[in-house]
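The primary structure of each chain is shown beneath.
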Amino acid sequence: MSSRTLPLLFINLGGEMLYILDQRLRAQNIPADKAKKVMNDIITTMFNKKFLEELFKPQELYSKKALRTVFDRLAHASIMRLNQASMDKLYDLMTMAFKYQVLLCLRPKDILLVSFNHMDAIKDFVKETPNILSQVDETYQQLMEMYTPLSNGEFQLIRQTLLIFFQDMHIRVSIFLKDKVQNSNGRFVLPTSGPVPHGTQVPGLIRIFGCSGEELTRVKFNNGGNYTSALREGSFEIFGDRVTKLGTNMYSVSRPVETHMSGTSKNSAQHTKVNAAPNPLAKEELNLLSRLMGGLEVQKPGNADSGFRVNLFATDEEEEEALISRPDELSYGVINIQATKDQQANAELAKIMGEFPESGDQSDDASSKGDDLLAMMDSL
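What comes next concerns the included structure. (Residues numbered from 1 in each chain as written. Predicted model: local features only at pLDDT ≥ 70, side-chain atom pairs only at ≥ 80, totals over all residues. Heavy atoms only, no water.)

### Thoughts on the packing of helix H1 (residues 6-27) against helix H4 (residues 64-75)
Which entries qualify depends on this criterion: Angular values range over 0 to 180 degrees, each being the angle between N-to-C directions of two axes fitted as lines to C-alpha atoms, with helices fitted over their stretch in contact. By definition, any uninterrupted DSSP run of H or I lasting at least four residues is a helix, any uninterrupted run of E lasting at least two residues is a strand, and each is numbered from the N terminus. Our angle categories are set so that under 35 degrees counts as roughly parallel, over 145 as roughly antiparallel, 65 to 115 as roughly perpendicular, and the remainder as oblique. Crossing handedness is read from the near helix: turned anticlockwise from the far helix by less than a right angle, it gives a left-handed crossing, and turned clockwise, a right-handed one. Whether two residues are in contact is decided by their heavy atoms: any pair within 4.5 Å suffices.
Between H1 and H4, the least distance of the axes is 12 Å, while the angle of their chain directions is 40°. One way to sum up the angle between H1 and H4 is to call them oblique. The handedness of the crossing between H1 and H4 is right-handed. Two secondary-structure elements touch here, H1 through Leu6, Leu9, Phe10, Leu13, Gly14 and Met17 and H4 through Leu67, Val70, Phe71, Leu74 and Ala75.

Right under this line is the structure:
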């Protein structure tokens, strides 16, 4: 398992979350000033310096429950609220979109290009807010310093770690089903044609060499696909053409997306539940969450006019039906992080929480901060 996977997982899932929320805010005709505030607040929280310092420390991936807890908190870092069914759908869309992107990476290092596409889009969301933009640029530098020196073998380990994390997740997404890149059981259909990875040649030729290194003969064979030469390599600089479209926005108001639970998902989830063993990393996982949650402030609308709810379904009835029909095995439990006790017991956490800036615009006096995570989830 790679110890450098967590930042890439967080950045890419966060980018997909922002794409989806931007689409839904537009679809529900949320006023531009409120929509901008939501995006700014979430991005400010995502790229808080102390939060990212914890995230970028070399460490193994933690459980899906722990990651879901972080994104629950992150999605509510502004005046927007999501009911549980909408939050479930949001997380399903985020994870399945990134899983597909990882599967389609022609070479493991392309995962970094996918991450940079997400970062480019995030920068565009806050291009008119210099203070937030500087936070994103700092993270860009961190990503470049940490990942560009890695070898192909290290990127292969990162890719395998991500695929292991996603392997039991088979949520059907309408966009993927319509494009015939996903089967009815939620598994993806991978192409056997198209450009080959950068730095490789089109398969179909075997060359045989002698002891002294001279080429003796060539044998051609049918490669079984319609391959083309590799595309040029994408740019790993802060500004540049990434070449790949993976990690760019696939959502639009005119193309709504739905998620559906497949039978495979239900069975695999039940299997996981039955065979769940005590996690030897449970204490470390809670310690990580304590440190991370210290940097995720949740705003609570001070009055009815300041906050609003976003529904990822077409109607409230569909949202309620989705909540009822979702298997219990696939519902993510919430880990309660008691910030007060953490402050008393952990001086480092107290320092992080003390230095964390108020999320959102400083002029928003109507929003109160510091909701307990469990209380926040109970209100959904």
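What follows picks up the thread again.
### Points about the environment of Ala35
Note the cut-off: The rule is simple: take the accessible area with a 1.4 Å probe, protein chains only, and divide by the maximum for that residue type; under 20% is buried, over 50% is exposed, in between is partly exposed.
Mapped onto the fold, Ala35 is located in helix H2 (residues 32-46). Using a relative accessible area of 15% as the deciding quantity, one classes Ala35 as buried. For Ala35 and Asp22, which are 13 residues apart along the polypeptide, the C-alpha to C-alpha distance reads 7.7 Å. Sequence-distant contacts of Ala35, defined by excluding residues within four places in its chain, comprise Leu25 and Ile30.

### Considering the packing of H1 against helix H5 (residues 84-104)
Note the threshold: Each residue receives one of three labels: charged for Asp, Glu, Lys and Arg, nonpolar for Ala, Val, Leu, Ile, Met, Phe, Trp, Tyr, Cys and Pro, and polar for the others, Gly being one of them.
Packing of H1 against H5 brings their axes to within 9 Å, and their N-to-C directions diverge by 125°. As the angle between them shows, H1 and H5 are arranged oblique. For the crossing formed where H1 meets H5, the hand is right-handed. Residue-level contacts link Leu8, Leu9, Asn12, Leu13, Glu16, Met17, Ile20 and Leu21 of H1 to Leu90, Leu93, Met94, Thr95, Ala97, Phe98 and Gln101 of H5. The residue inventory of the contact of H1 with H5, partitioned by class, reads 11 nonpolar, 3 polar and 1 charged.

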